[in-house]
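Now for the letters of each chain:
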Amino acid sequence: MKNGTLLIAPLGARDKREAIFEEIISHCAGNDFSSVLYLGPNNFILSAAKRQFFSYLKRSRNSSAYIPFQTCTIKQLAMQLHDPEQNGTVISDRIRTLLLCELLGEN
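Criteria and cut-off values
Residues numbered from 1 in each chain as written. Predicted model: local features only at pLDDT ≥ 70, side-chain atom pairs only at ≥ 80, totals over all residues. Heavy atoms only, no water. Phe/Tyr/Trp six-rings, centres within 6.5 Å; stacked < 30°, edge-to-face > 60°. Helix = DSSP H or I, 4+ residues; strand = E, 2+ residues; numbered from the N terminus. Buried < 20%, exposed > 50% of the residue type's maximum accessible area, 1.4 Å probe, protein only. Polar contact = N/O pair within 3.5 Å; in protein donor to acceptor, adjacent residues only side chain to side chain. Salt bridge = Lys/Arg side-chain N within 4 Å of Asp/Glu carboxyl O. Expected span 1.5 Å × (residues − 1). Contact = heavy atoms within 4.5 Å. Core = buried A, V, L, I, M, F, W, Y, C linked by side-chain atoms within 4.5 Å.

Draft legend 1. Structural view of the packing of aromatic side chains. Within this structure, the stated rule accounts for eight aromatic pairs. Seen from their ring centres, Phe33 and Tyr66 are 6.1 Å apart, and the 65 degrees between their planes marks the pair as edge-to-face. With Phe33 in the loop between helix 1 (17-27) and strand 2 (36-40) and Tyr66 in the loop between helix 2 (43-61) and strand 3 (70-73), this residue pair connects regions lying 33 residues apart in the sequence. What makes Phe33 buried here is its relative accessible area of 0%. Centroid distance Tyr38 to Phe69: 5.3 Å. Interplanar angle 25 degrees. Geometry classified as stacked.

Written as structure tokens, this is what we have:
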């Protein structure tokens, strides 16, 4: 995820999706949203966000062709970042929060 945008959608973000979608659009030129990583708590929420984003684009831009943003859960992100050659262990639940803070540049 080099030079991209990270959006984290908490469980209560369902009512704020249009604002999140506007933010995604503001960061991307044209209809290429592949530089955005949308993190959510589970795959159900991520699937719903993808469907709603498609509907939002059709309404706001009258566009049905676009390159979608990337989605994953925190666990999936941790698994993608995990290097199995280090010691063969999976990143623990406790470390995932620290990993996100590091990605966001927060303490």
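Draft legend 2. Spatial organisation of the environment of Asp32. By secondary structure assignment, the location of Asp32 is in the loop between helix 1 and strand 2. Sequence-wise, Asp32 and Pro68 are 36 residues apart; in three dimensions their C-alpha atoms are separated by 6.9 Å. A polar atom in the side chain of Asp32 sits 2.6 Å from the side chain of Ser34.

Draft legend 3. Layout of the pattern of salt bridges. Taken as a whole, this structure holds one salt bridge when the rule is applied. Across the pair Glu18 and Arg59 runs a salt bridge whose closest N-O atoms are separated by 2.9 Å. Of this pair, Glu18 sits in helix 1 while Arg59 is found in helix 2, placing the two residues 41 residues apart along the sequence.

Draft legend 4. Focus on helix 2. Here helix 2 spans 26 Å end to end across 19 residues, near enough to the 27 Å set by a 1.5 Å rise per residue. Residues of helix 2 that are buried include every one of Ile45, Leu46, Ala48, Ala49, Phe53, Tyr56 and Leu57, and no others. Taken together, the buried residues of helix 2 touch helix 1, strand 2 and strand 3. One side-chain oxygen at the N-terminal end of helix 2 lies 3.2 Å from the backbone nitrogen of Phe44; it belongs to Asn42.

Draft legend 5. How the structure looks around the nonpolar core. In this structure, Ile24, Ile25, Phe33, Tyr38, Phe53 and Phe69 are the most contacted members of the largest nonpolar core, which totals 14 residues. Those elements giving two or more residues to this core turn out to be helix 1, strand 2 and helix 2. When residues in this core are grouped by element, the largest group, five residues, is from helix 2. The next biggest cluster of nonpolar side chains, apart from the first, holds five residues, and it includes Leu37, Cys72, Leu77 and Leu100.

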